[in-house]
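Residue-level structural notes
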Amino acid sequence: MLEWVVDVSVTLLAIALLISFRRLVLGPRLEDRIVAMDLIAILTVGIIVASTAGSGQRGLLDAASLIALVGFLGTVAYAWYLRQVAR
Amino acid sequence: MTAVLEGLTALLLLLGSILALLAAVGVLRFPDTFSRMQASSKASTLGLACLLAGTALQFPEVAVIVRLLSIAAFIMLTAPLSAHIVARVALHRGTPLWTGTVVNEYDLKACLPRQERKEQP
């Protein structure tokens, strides 16, 4: 039962990833693209965690925490860049 | 006991992925940068917390649970922070609000740094 649920959950998260990629391509301003990038990082962490629950590969959790850290740093760096440009 | 834990894990995984999907739909469908940011930061934080809790029920080991808890704490600390930073930059750059916005209580001069505020009285 759990394998089936993990498959459904990873599929839903992949659909969410595709939708946020659409906003990343579409976004009229740079801020929309930053929001989409942040959401993509969080969704990637979610996919890794859900597939860990299915497969039992616990080494993947290090990659998940690393992606969370890098996603936050990337968001702050993009915001800092926009602030510098706006001046 | 194992069956109960498995059912709880399944429930939490489904709930978390549905919340993450709703966050993505909100980011696609909302009309405004600020409302998109709200959908992204709130719904995805709750969805990821559900996913992490559901995974933690499957591993009865301290190392895995501590890692999952640290990811959850980090996401819950940084998601509002990054939303705040991006909203401040968007407001400063003059990102347009939705045309149906009823009230805008924010004074743009208040978000400038202090020396620039003195230059523009």
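Report on the accompanying structure.

Here's the deal with the environment of Ala23(B)
All names here are of chain B. Looking at the element boundaries, Ala23 is found in helix α1 (residues 2-29). Its 28 C-beta neighbours within 10 Å are what place Ala23 among the buried residues. Residues Ala23 and Pro96, 73 residues apart in the sequence, show an inter-C-alpha distance of 22 Å.

Re the nonpolar core
Soluble globular proteins tend to pack their nonpolar side chains together in the buried interior. The biggest cluster of nonpolar side chains holds 55 residues, and the ones touching the most others in it are Leu39(A), Val45(A) and Val86(B). Taken together, the elements giving at least two residues each to this core come down to α1 (2-26), α2 (30-55) and α3 (60-86) of chain A together with α1, α2 (33-56) and α3 (62-92) of chain B. A total of 14 residues in this core trace back to one element, the largest contributor, which is α2(A). Beyond its immediate sequence surroundings of up to four residues, Val86(B) is in contact with Glu31(A), Ile34(A), Val35(A), Thr75(A), Ala79(A) and Met37(B).

Here's the deal with the interface of chain A and chain B
One frequently used descriptor of interface size is the decrease in accessible area upon assembly of the parts. The interface of chain A with chain B comprises 42 residues on the first partner and 44 residues on the second. Breaking the side of chain A that touches chain B down by element, the ones donating at least two residues are α1, α2 and α3 of chain A. For the side of chain A that touches chain B, the element with the most residues is α2(A), which contributes 15 residues. Its residues assigned to classes, the side of chain A that touches chain B comprises 28 nonpolar, six polar and eight charged.

Rules used throughout
- Residues numbered from 1 in each chain as written.
- Chains lettered and ligands numbered in written order.
- Predicted model: local features only at pLDDT ≥ 70, side-chain atom pairs only at ≥ 80, totals over all residues.
- Helix = DSSP H or I, 4+ residues; strand = E, 2+ residues; numbered from the N terminus.
- Buried ≥ 20, exposed ≤ 12 C-beta atoms within 10 Å, placed from the backbone.
- Core = buried A, V, L, I, M, F, W, Y, C linked by C-beta atoms within 7 Å.
- Contact = placed C-beta atoms within 7 Å.
- Nonpolar A, V, L, I, M, F, W, Y, C, P; charged D, E, K, R; others polar.

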